[in-house]
Amino acid sequence: MADSEVESQSPDPGAVEEPLFTTLDIVLFTFIVGLLIYWFMSRQKKEEIPEFKKLTAVAPPVRETSFIEKMKKTNRNIVVFYGSQTGTAEEFSNRLAKDAQRYGMRGMAADPEEYDLSELSRLSEINNSLALFCMATYGEGDPTDNAQDFYDWLQETDAELEGVNYTVFALGNKTYEHYNAMGKYVDKRLAELGATRIFDLGMGDDDGNLEEDFVSWREQFWPAVCEHFGVEATGEESSIRQYELVLHTDINMNKVYTGELGRLKSFETQKPPFDSKNPFLAPVTANRKLNKGGSRHLMHVELEISSSKIRYDSGDHVAVYPINDASVVNKIGDILGVDLDTVISLNNLDEESNKRHPFPCPATYRTALMHYLDVSNPPRTNVLYELAQYATDPKDQETMRKMASSSPEGKALYHSWVLDSRRNILAILEDMPSLRPPIDHLCELMPRLQARYYSIASSSKVHANTIHICAVVVEYETKTGRTNKGVATNWLKNKVVTDNGHKSTVPMYVRKSQFRLPFKSSNPVIMIGPGTGIAPFMGFIQERGLLKEQGKEVGETVLFYGCRHRGEDFLYQEELEEFEKAGVLTQLNVAFSRDQEHKVYVQHLLKQNKEHLWKLIHSENAHIYICGDARNMARDVQTAFYEIAEEEGGLTRTQAVDYIKRLMTKGRYSQDVWS
Amino acid sequence: MPAEKMDDSGKEAGISNGGGLVYEEGEAEESVRPEDLSELLAAGTKESHDKAENTQFVKDFLKGRIRRELFKLGTVALYFTYTAMEEEIERNKEHPAIAPLYFPAEIHRHEALARDLEYFYGEDWESQVSCSPAAQRYTGRIREVGRDEPALLVAHAYTRYMGDLSGGQVLKKVAQRAMKLPSTGEGLNFFQFDGIHSAKAFKQLYRSRMNELDLDEPTKERIVAEANLAFQFNMEVFSELEEIGKTLQDEVLDAGMPVHGDVQGDISKCPYYNTKMAASGGASYACQMATAALRHPTGQVLLAALVAALAGLVAWYLM
């Protein structure tokens, strides 16, 4: 019997589990449960488990490799090809294909790898047809994998593409040498083959903001398409609000944002760590004018960071969140006839979007215009396009639409009337009296006020509790007779030094950079920083000075500085001459550009010192640092180094360029430049 | 994950010591070897790097053919690797060969990886993940090096971090799309370097620091060899993942359905896979579950209660 069977097992002491059930138990149990299950199952509908037959290889449906035929079959006139590696270009293509509907057209996105692109010449068989290309560049200016065949075909073919309308949007990254090479090539080549380009090549920069580039290009692209085909945009296109205005008439002011970037009340109760969403309100402990003369105002500002636990290295950047000029904001309120202290929220109509509001809400219009929105830069064309509808005078409306269009006259008008004349939104409202948009739509369209970055002008090893800033106040007359003032520099200039009564603070955080002194202090450094480019080098020199005091072996410390007049804007003259006297600065070379007939700049001084410089660079492992203007100075200095390498190193120009490029790759030639 | 993609051609211009002309009279370009560690490493690992880029795993990944399960296991391998490497770096941070390259805030990844694993496996991720055989060999070597010759840690750091800062952003987008990960970045913290504004500038700084290390020729050569070894370990991890991937792959192919790009390898989306699991796999699994539950006292109590309840229902119906 079962029981005796179980008992007759000789158990190892402690090693065998006691059987849970005897066999009889199990049999009876199973019988009962089985009955019950059967009873239950017969009462319920039997859940379908699909019949799973082993499938033989199903022949794939015959795929149409002719995109022309597919377009004809599905009644499309627009095809959007994408050269995509990570899916971004593909996504853009899908969006463009969907857009077409708004203009009474039908589009389809297509993978060039799946179709025979040589059929492009047949595109004219379709009425009002258009081929769009979203082409990403990969690696060293190469096509993406799925566009390789298309690229090869373009190079080899001599097809005639008359009657083929096209436009290209290029996706790439400016930090790469062959920025947007693929997009540019396709745009050029198709024209060479006789196709008709109907809108400018769009350039998307992933190092900046690819999405923004795409959206602003697209906003002008479709109107151009409509113009080309003589098609009217459907009504809904004219004003697409993204946000819905909500007025808060009776709200607890504790729930209202007053300038914070992230958490409500983050300015009242400050908690580290401090970053872009949670800046530290640093008291201003010094604010003096640096220059002795001239019409400009160069300033030295010190921010106190001891209570923040913020650490920095010389060479890092300090980011500050400025506030717009109150009088400009008040004028906007007056001209639009609005009570700026109304508390509002702008809520995204697209509930799926991550971006609930364009800026922290709820807030007053005043807060939005002072703290969150950029009202000083000339507005982009898409803003003009959206605002045009609010111009009651038809001429004004036409002017606005024209400037937003892609026609050559429109672009020229935008360039002269808006860009060259430096008209900001207030100026536009003043000069177009019939243009009176609702303020909430305006707030939706204005870009966000950005933080400004300054190279820190101090060394934390010498000044642990303060961060120094060296900046020139921006102020200039425009063609319209207005005076435009730089937002951050004017705001900083007006910061009164903190005393017991009044506390002046600057919302800031530190953004680490990779602009660093060599690890070994024995390595020589060559610093080139004219004008406010001197800033990070004040930190570098302070640090080298400290190391020398500490008895460390410090290599040569060479500075090339430049300004206009010795008597006017030789920044930090006293400090630098002290450092020179003390032997911390082994060489102080200053170019005064306007103190004589001919212009003398830092690059001229570099050439004058070419022998010594080459010795430092080639044999003593010197590190070179450039700080300041990107457009001209940095380029001219680089050329000077090519020449030094040629003349002192016996190299050809090509070899010299390669030599300097290698210094850059190896981190021995660094730049902190701005345009 | 692939290592550094070179952004310069690495052509050598001869550098002679002692100032003056770069090339002495009649000297050929190739006769003078570079001394900079960064250049030695770039040249010395080029072959390994190309090989790693061309493994099936990497090629598939770049095309968006990466299954979530495989990506998770890859993240696990990375976690153990970086934890080992960063612990050894931390331990040796005063060592003259490590101090100039000590950038924990900028490049260390183990915390970011821990956050990713929490996203994929839940709060108790630590009890769920384990170090695979290939990852164990890799971390074993890292520990050995950290203990016996810390200067060689540079090779491991170079191989991983330079790569992360090169291909990183591309891989992040590929992974995000392939697995429909949220655009807010969960699961991809590994690719996000919040402490670095410009990857290019950081790599240049890192190279300059490597070149400032005081190392003799033999040590530099050992570092290059160790870097090639690091590539090798990475490729073994890829192979291991590929093998695992094949067992997942088999079930999809069984259905005879062509693997189409759109499905993007997310196996839970394959209708045939789900059905098959329900029809066959489910039953044996349920059986195992049942016996396991029954061994537990609570299971027995529940079962007794269930039987009692059923008996009650039957009685009610029959009455």
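Residues numbered from 1 in each chain as written. Chains lettered and ligands numbered in written order. Predicted model: local features only at pLDDT ≥ 70, side-chain atom pairs only at ≥ 80, totals over all residues. Heavy atoms only, no water.

### As for the overall build of chain B
Looking only at helices and strands, one finds 13 helices and zero strands in chain B. Its helices and strands taken in sequence order, chain B reads α-α-α-α-α-α-α-α-α-α-α-α-α from the N to the C terminus. Counting only residues that meet the buried cut, chain B has 46% of its 319 residues in that class. Contacts in chain B between residues far apart in sequence, at least 24 positions, make up 78% of those at least 6 positions apart. Only carbon and sulfur atoms are counted for the fraction: they give 55% of the accessible area of chain B, which is about 16000 Å². (Helix = DSSP H or I, 4+ residues; strand = E, 2+ residues; numbered from the N terminus. Buried < 20%, exposed > 50% of the residue type's maximum accessible area, 1.4 Å probe, protein only. Contact = heavy atoms within 4.5 Å. Areas by Shrake-Rupley, 256 points an atom, 1.4 Å probe, with all protein chains shown as cover.)

### Brief notes about the packing of helix 5 (residues 148-156) of chain A against helix 6 (residues 181-192) of chain A
All names here are of chain A. At their nearest, the axes of helix 5 and helix 6 sit 11 Å apart, and the two run at 40° to each other. Taken together, the axes of helix 5 and helix 6 are oblique relative to one another. Considering only the axes of helix 5 and helix 6, their crossing is left-handed. Along its contact with helix 5, which presents Phe 150, Tyr 151, Leu 154 and Gln 155, the element helix 6 presents Met 182, Tyr 185, Val 186, Arg 189 and Leu 190. Of the residues assigned to the contact of helix 5 with helix 6, the class counts are seven nonpolar, one polar and one charged. (Axes fitted to C-alpha atoms, helices over the stretch in contact; angles between N-to-C directions. Parallel < 35°, antiparallel > 145°, perpendicular 65-115°, else oblique. Left-handed = near helix turned anticlockwise from the far one by under 90°. Nonpolar A, V, L, I, M, F, W, Y, C, P; charged D, E, K, R; others polar.)

### Topic: the UniProt feature "domain: Flavodoxin-like" (unreviewed entry) in chain A
Under the present numbering, the feature "domain: Flavodoxin-like" (unreviewed entry) in UniProt falls on residues 78-222 of chain A. Measuring from the first to the last C-alpha atom of residues 78-222 of chain A gives 12 Å, for a span that is 32% helix and 24% strand. (UniProt positions renumbered as here; feature names shortened; annotations may be inferred.)

### Quick notes on the packing of helix 4 (residues 88-99) of chain A against helix 7 (residues 210-229) of chain A
All names here are of chain A. Viewed as axis vectors pointing N to C, helix 4 and helix 7 meet at an angle of 25°, and their least axial separation amounts to 12 Å. Taken together, the axes of helix 4 and helix 7 are roughly parallel relative to one another. As for the relative orientation of helix 4 and helix 7, their crossing is right-handed in sense. The segment helix 4 lies against helix 7, with Thr 88, Phe 92, Arg 95, Leu 96 and Asp 99 engaging Leu 210, Glu 211, Phe 214, Val 215, Trp 217, Arg 218 and Trp 222.

### Quick look at the packing of aromatic side chains
Counted under the stated rule, the structure contains 40 aromatic pairs over all chains. Measuring from ring centre to ring centre gives 5.3 Å for A:Tyr151 and A:Tyr185, while their planes differ by 70°; the resulting arrangement is edge-to-face. Taken together, the positions of A:Tyr151 in helix 5 and A:Tyr185 in helix 6 put the pair 34 residues apart, joining distant regions of the chain. For the pair formed by A:Tyr151 and A:Tyr185, the shared burial category is buried. Look at A:Phe274 and A:Phe280: their rings are 5.0 Å apart centre to centre, the planes differ by 55°, and that puts the pair in the tilted class. This pair shows no difference in class: A:Phe274 is buried, exactly as A:Phe280 is. Members of the aromatic cluster, connected to one another through ring pairs, are A:Phe92, A:Phe169, A:Phe199, A:Phe214, A:Trp217, A:Phe221 and A:Trp222. A cation over an aromatic ring shows up here: B:Lys72 above the ring of B:Tyr121, its NZ or CZ 4.8 Å from the ring centre. (Phe/Tyr/Trp six-rings, centres within 6.5 Å; stacked < 30°, edge-to-face > 60°. Lys NZ or Arg CZ within 6 Å of the ring centre and 35° of its normal.)

### Considering the environment of A:Lys331
Residues and elements named next belong to chain A. Secondary-structure assignment places Lys 331 in helix 8 (residues 326-336). C-alpha of Lys 331 to C-alpha of Leu 426: the two residues are 95 residues apart in sequence and 7.6 Å apart in space. Apart from residues no more than four positions distant in its own chain, Lys 331 is found in contact with Leu 426 and Glu 430.

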